[in-house]
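# Descriptive structure summary
Here is how the chains run, residue by residue.
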Amino acid sequence: MWHENCLASVVKKLRNIGILLLGLSVGLPTAWSQQGKKRIELIRADFQEFSEEIHPDAQRLLGDVVMRHEGVLMYCDSAYLYDKSSSLDAFSNVRIKQGDTLNLYGDRLEYRADTRLAEVFDNIRLTDREMILTTDYLIHNLETDISTYLDGGKIVSTENDNVLTSMRGDYYSDSKLFYFQDSVVLENERYTIRTDSL
């Protein structure tokens, strides 16, 4: 009788351990995939260096650097890739390619994977099939596909002769819509429009 009770107790404990292990094995891939979703993937670089002197959490990447995050490709000449914070700072010949149509160029990029916000600085060009936007500072939200400039920008339509300037603008790349504010001027061969918002 004592042996049967011990045996039943051991079987019950083993069953509970088995259920616990099964639960862990089911839960871990989900956790890994969620963490992997936020991780920036290094595709290539000519030179890669880890150094505590540079930064305790940074990989230094040089030469023809290509990275990917959730389907978006990022190119540059050099970068610091921070694994713990899943972020990067990119320099020189920066390019972000999102989908088949949107390309964003600049001199410097700060990107944070958790928010999917890209801050681009200096000599910026945002292009799609219908327009070219130029400015010196742009925030591009890769989650919502909204680009915002705050310190003046110029948009030239590739479909017609329209040229628009404003101090602030939001571009919704999914719907191809703009919202312009502050000192808005729209010019083409036939007319000029000046307004506070458009």
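Residues numbered from 1 in each chain as written. Predicted model: local features only at pLDDT ≥ 70, side-chain atom pairs only at ≥ 80, totals over all residues. Heavy atoms only, no water.

## Remarks on the overall build of the chain
Applicable threshold: Secondary structure elements are taken from DSSP: a helix is a run of H or I of four residues or more, a strand is a run of E of two residues or more, and numbering for both begins at the N terminus. Whether a residue is buried, partly exposed or exposed follows from its accessible area with a 1.4 Å probe, protein chains only, as a fraction of its type maximum: under 20%, in between, or over 50%, in that order. We call two residues in contact when some of their heavy atoms are within 4.5 Å. Per-residue and other accessible areas follow the Shrake-Rupley method at a 1.4 Å probe size, with only the shown protein chains counted as cover for residues.
Regarding its fold elements, the chain presents one helix and 14 strands. The buried share among the 198 residues of the chain stands at 34%. A separation of at least 24 residues holds for 29% of the contacts in the chain among residues at least 6 apart in sequence. When the accessible surface of the chain is summed, it comes to about 12100 Å², and 53% of that surface belongs to carbon and sulfur atoms.

## Some thoughts on a nonpolar patch on the surface
Rules: Patch rule: a residue counts if its relative accessible area is over 30% and it has no salt bridge; like charges are joined within 9 Å, and nonpolar side chains (Val, Leu, Ile, Met, Phe, Trp, Tyr) within 5 Å. Think of a salt bridge as a Lys or Arg side-chain nitrogen and an Asp or Glu carboxyl oxygen that are within 4 Å of each other.
A cluster of nonpolar side chains, contributed by Y172, L177 and Y179, occupies part of the molecular surface with about 280 Å² of accessible area. Its place among the elements puts L177 in strand β13 (residues 177–187).

## Here we look at a negative patch on the surface
Let me state the cut-off plainly: Charge counting treats Lys and Arg as positive and Asp and Glu as negative, with His and both chain ends excluded. Charge placement uses NZ in Lys and CZ in Arg. For Asp and Glu, CG and CD serve respectively.
A surface patch of negative charge is lined by D107, D122, D136 and D151. By secondary structure assignment, the location of D107 is in strand β6 (residues 102–112). Note on D107: relative accessible area 33%, which makes it partly exposed.

## Looking at the pairing of strand β4 (residues 72–82)
Regular strands place side chains that alternate from one sheet face to the opposite one. The test is simple: Strands qualify as paired when DSSP identifies two bridges or more between them.
Taken together, the 10 bridges between strand β3 (residues 58–69) and β4 define a ladder with antiparallel strand orientation. Across the sheet, residue L62 finds its bridge partner in β4, namely S78. Here eight bridges tie β4 to strand β5 (residues 87–98), and the two strands are oriented antiparallel to one another. Bridging across to β5, M74 finds its partner in I96.

## Regarding the layout of surface pockets
Test applied: Space inside and on the surface of the protein is sampled on a 1 Å grid over the protein atoms alone, with a cavity defined as a set of points where a 1.4 Å probe fits but cannot get out and a pocket as an open set with protein on both sides within 12 Å along at least 5 of 7 lines; lining residues have an atom within 4 Å of a point. Grid points are joined across faces, edges and corners, and a volume is the space filled by probe spheres set on the points. In this classification, Asp, Glu, Lys and Arg are treated as charged, Ala, Val, Leu, Ile, Met, Phe, Trp, Tyr, Cys and Pro as nonpolar, and every other residue, Gly included, as polar.
Empty space within the largest pocket amounts to approximately 280 Å³. Every residue lining the largest pocket is counted, 16 residues in all, and those nearest its centre are M131, I155, S157, N162 and F178. Within the residue set of the lining of the largest pocket, elements represented by two or more residues are β10 (153–157), β11 (163–166) and β13. When its residues are assigned to classes, the lining of the largest pocket shows nine nonpolar, three polar and four charged.

## Here's the deal with the packing of aromatic side chains
Aromatic ring pairs: the centre-centre distance and the angle between the two ring planes describe each pair. For clarity, the threshold we go by: Here a Phe, Tyr or Trp ring, Trp counted by its six-membered ring, pairs with any other such ring whose centre lies within 6.5 Å, and the pair is stacked when the planes are under 30 degrees apart, edge-to-face when over 60, and tilted otherwise. Only when the NZ of Lys or the CZ of Arg is both within 6 Å of the ring centre and within 35 degrees of the ring normal is a charge said to sit over the ring.
In this structure the tally under the stated criterion is four aromatic pairs. Between the aromatic rings of F121 and Y137, the centroid separation amounts to 5.3 Å while the plane-to-plane angle is 45°, which identifies the pairing as tilted. Here the residue F121 occupies a position in strand β7 (residues 117–127), and Y137 occupies one in strand β8 (residues 131–141), the gap between them amounting to 16 residues. Between Y171 and F178 the ring centres are 4.4 Å apart and the planes differ by 25°, which places this aromatic pair in the stacked class. By relative accessible area, which is 2% here, Y171 ends up buried. In textbook terms, an aromatic cluster arises when at least three aromatic residues are bridged by ring pairs, as seen for Y171, F178 and F180. Sitting over the ring of F121, R108 keeps its end group 3.9 Å from the ring centre. In this structure, R125 is placed above the aromatic ring of Y105, and the distance from its NZ or CZ to the ring centre is 4.3 Å.

Everything listed here is a matter of geometry and, on its own, says nothing about what the molecule does.
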